[in-house]
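# Structural features, examined
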Amino acid sequence: MMDLKDLVRPNIWALKPYSSARDEFHGSASVFLDANENPYNEPYNRYPDPLQWELKERIAELKDVDRNSIFLGNGSDEPIDLVIRAFCDPGIDTIVSIAPSYGMYEVASNVNNVEFRKVTLTPDFELDAEALLEEVDEWVKVIFLCSPNNPTGNSLNRDEIYKILNNFEGIVVLDEAYIDFSAEPSFLPELKKFPNLIILQTLSKAWGAAGLRLGMAFASPEIIAILNKIKYPYNVNVLTQKQALDLLNNEGQMLEQLRRIMSERIRLQAALPELPIVHKMYPTDANFILVNVGKADSVYNKLVKKGVIVRNRNNVTLCNGCLRITVGTPEENDALLKALKSL
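The model shown is predicted, which means the values in this text are computed figures rather than measured ones.

What follows concerns the pairing of strand 11 (residues 322-326). Counting buried positions over the five residues of strand 11 gives four, a clear majority of the element. The pairing of strand 9 (residues 288-292) with strand 11 spans five bridges and is classified as antiparallel. Considered in strand 11, the bridge of Val291 is made with Leu323. Direction of pairing for strand 10 (residues 311-312) relative to strand 11: antiparallel, over a ladder of two bridges.

Once the domains are mapped, the protein chain shows domain 1 (2-249) and domain 2 (250-340). Once you take the C-alpha centre of each, domain 1 and domain 2 turn out to be 28 Å apart. The junction of domain 1 with domain 2 conceals about 2,000 Å² of combined surface from both sides, 64% of it contributed by carbon and sulfur atoms. For domain 1, the biggest contributors to the area lost against domain 2 are Phe125, Pro151 and Phe181; these three give 32% of the whole. Ranked by residues supplied to the side of domain 1 that touches domain 2, first place goes to helix 10 (residues 238-248) with three residues. Residue composition of the side of domain 1 that touches domain 2, grouped by class: 14 nonpolar, 10 polar and two charged.

How two aromatic rings sit relative to each other is given by the distance of their centres and the angle of their planes. Under the definition given, this model contains eight aromatic pairs. Ring geometry for Phe25 and Phe32: centres 6.1 Å apart, planes at 80°, overall edge-to-face. Under the relative-accessibility criterion, Phe25 is labelled partly exposed at 34%. Relative to Phe194, the ring of Tyr162 has its centre 6.1 Å away and its plane inclined at 45°; by these criteria the two rings are tilted. Note that Tyr162 is positioned in helix 8 (residues 158-167) and Phe194 in the loop between strand 5 (171-175) and strand 6 (197-202), a separation of 32 residues in sequence. Put simply, the rings of Tyr102, Tyr105 and Phe144 touch in pairs and so form one group of aromatic residues. It is Lys56 that lies over the ring of Trp53; its NZ or CZ is 4.9 Å from the centre.

As a further point, take helix 12 (residues 296-305). Along an α-helix, a turn takes 3.6 residues, which lines up residues three or four apart on a common side. Along helix 12, the positions that sit buried rather than exposed are Ala296, Val299 and Leu303. For helix 12, the buried positions fall inside an angular range of 65° around the axis, keeping them on one side. Buried positions along helix 12 lie against strand 10, strand 11 and helix 13 (330-342). Note on helix 12: the residue one or two positions beyond its end, Gly307, has a positive phi of about 80°.

What follows is about the pattern of salt bridges. One pass over the full model with this rule turns up 18 salt bridges. Taking the shortest distance from any N to any O, the salt bridge between Asp334 and Arg267 comes out at 3.0 Å. In this pair, Asp334 sits in helix 13 while Arg267 sits in helix 11 (residues 251-271), placing the two residues 67 residues apart along the sequence. On the accessibility criterion, Asp334 (41% relative accessible area) is partly exposed. Each of the salt bridges in this network shares a partner with another, and the network as a whole consists of Arg22, Asp34, Glu37, Glu42 and Arg46.

It is worth spelling out the layout of surface pockets at this point. Of the pockets and cavities examined, the largest pocket occupies roughly 450 Å³. Surrounding the largest pocket, 25 residues form its lining, Tyr102, Asn150, Tyr178, Lys205 and Arg324 being those nearest its centre. Of the residues contributing to the lining of the largest pocket, the split by class is nine nonpolar, nine polar and seven charged. One number sums up the size of the second largest pocket: a volume of about 360 Å³. Broken down by class, the residue content of the lining of the second largest pocket amounts to seven nonpolar, two polar and five charged.

With that settled, the discussion passes to the UniProt feature "modified residue: N6-(pyridoxal phosphate)lysine" (unreviewed entry) in the protein chain. Feature annotation in UniProt assigns "modified residue: N6-(pyridoxal phosphate)lysine" (unreviewed entry) to the following positions: Lys205. Along the chain, Lys205 turns up in the loop between strand 6 and strand 7 (214-218). Sequence-distant contacts of Lys205, that is, excluding residues within four places in its chain, are made with Ala177, Tyr178 and Phe181.

Moving on, we get to the packing of helix 11 against helix 13. One can describe the packing of helix 11 onto helix 13 by two numbers: an axis separation of 11 Å at closest approach and a directional angle of 10°. Regarding the angle of helix 11 to helix 13, the classification is roughly parallel. Helix-helix and strand crossings are classified by hand; for helix 11 and helix 13 the assignment is right-handed. Within the contact between the two elements, helix 11 uses Glu264, Arg267, Leu268 and Ala271 and helix 13 uses Pro330, Asn333, Asp334, Leu336 and Leu337. Taken together, the residues of the contact of helix 11 with helix 13 break down into five nonpolar, one polar and three charged.

Before going further, it helps to examine the environment of Ile277. Inspection of the secondary structure assignment puts Ile277 in the loop between helix 11 and strand 8 (280-281). Relative accessible area serves as the criterion here: at 16%, Ile277 is assigned to the buried category. Separated by 22 residues in the primary sequence, Ile277 and Val299 place their C-alpha atoms 8.8 Å from one another. What Ile277 contacts, discounting residues up to four positions off in sequence, is Asn292, Val293, Val299, Leu340 and Leu343.

Cut-off values and rules
The numbering scheme is per chain: residues are counted from 1 as the chain's sequence reads. Reporting in this predicted model follows two pLDDT cut-offs: at least 70 for local features of residues, and 80 or more for side-chain atom pairs to be given and counted; totals over whole chains, interfaces and linings ignore these cut-offs and use all residues. Each side-chain value is worked out from all heavy atoms of the structure, with water and hydrogens disregarded. When accessible area is computed with a 1.4 Å probe and restricted to protein chains, residues below 20% of their type maximum are described as buried, those above 50% as exposed, and intermediate ones as partly exposed. The helix and strand labels rest on DSSP assignments: H or I over at least four residues marks a helix, E over at least two residues marks a strand, and numbering proceeds from the N terminus. When DSSP finds at least two bridges between two strands, those strands are taken to pair. The start and end points of each domain follow an automatic or database-based domain assignment. The term buried area means the drop in 1.4 Å probe accessible area that two parts suffer when joined, counted for both and summed. Three classes are used, and their members are as follows: Ala, Val, Leu, Ile, Met, Phe, Trp, Tyr, Cys and Pro are nonpolar, Asp, Glu, Lys and Arg are charged, and the others, Gly among them, are polar. Paired rings are identified among Phe, Tyr and Trp, the last through its six-membered ring, by centres lying within 6.5 Å, and are further divided according to the angle between planes into stacked (under 30 degrees), edge-to-face (over 60) and tilted (the rest). Each ring is checked for a lysine NZ or an arginine CZ that lies within 6 Å of its centre and within 35 degrees of its normal; such an atom marks a charge sitting over the ring. It is the directions from the helix axis to the C-beta atoms that the arc portrays. Contacts are residue-level and defined by heavy atoms, with any inter-residue pair within 4.5 Å sufficient. Salt bridge criterion: a side-chain nitrogen from Lys or Arg within 4 Å of a carboxyl oxygen from Asp or Glu. Definitions used for this entry: grid spacing 1 Å over protein atoms alone; cavity, a set of points where a 1.4 Å probe fits but cannot get out; pocket, an open set with protein on both sides within 12 Å along at least 5 of 7 lines; lining residue, one with an atom within 4 Å of a point. Grid points are joined across faces, edges and corners, and a volume is the space filled by probe spheres set on the points. UniProt positions are given in the numbering used here, feature names are shortened, and annotations may be inferred rather than shown by experiment. Interaxial angle, 0 to 180 degrees, is taken between N-to-C directions of lines fitted to C-alpha atoms, where a helix line uses only the stretch in contact. What sets the label is the angle itself: under 35 degrees gives roughly parallel, over 145 gives roughly antiparallel, 65 to 115 gives roughly perpendicular, and the rest give oblique. Left-handed is the label given to a crossing in which the near helix is rotated counterclockwise from the far helix by less than a right angle, and right-handed is the label when the rotation is clockwise.

See the structure below:
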């Protein structure tokens, strides 16, 4: 890895961050007259912990990482945006990613006026590390990878990911939003080995809390400090912090829901190939299945009329004719199969 100072934008490195009232006081007190808060309407009148320490303590315990290696944001989209703002000079630097993959990497790059280069996966949706590294030049600061990948569902080959980590001196962001559904292990234990690695996870998928909008980034304490430096002071609200903590303290509920989803995924993987309308079903390590139905636009519109909404990926690289189907409840999956059989 290059020296962190050489990777971070000079203005960000020199930036003196905003210091909130809650940053400046640490400890217990009974009278708070420092933040111009309304003294009534507890607890919503008080600003939230800007660094979410109680929540991070629980996440650190669950993930077996240091709490100083955790950044919490408004969904994963916030750390995606912050990484670009921290490391990429607009109009100068470049990001490299894979296609097809999660669309927000490119959107965030465009918003920040940073060039975004896409390297197409193999026809089997595999990562070709050498092809990706060939796109790297002196202006490439960040590589975005997603594993298990969205919308393909497969986990990227670990050896190919290691090749990138071992041969790229910039920042590698590995999005593991769907890792809980995969038999492949997380790269979290590799954080200390690769100081340029940032791992994204979320409460939106396996934890069933997309409405909370809580994303997690894991990286070296030095990188986390940079992200904390440029985030908005109170980026995770009181309600989200409290509800997320309650959720994380009930891991058993998540594991039971995960078991049900995995069971239904197996059922769909057995049933979908039997349908004449399904031309091909792709392997998945996520909570969704990518299927080729030929005339995807037509099939999608017919499903909509039957009240079944899936994601049309027909216009995405390598996904011509494909629909992405999320694994639902048994009743929702029954409705899906019934609708597909009737087409």
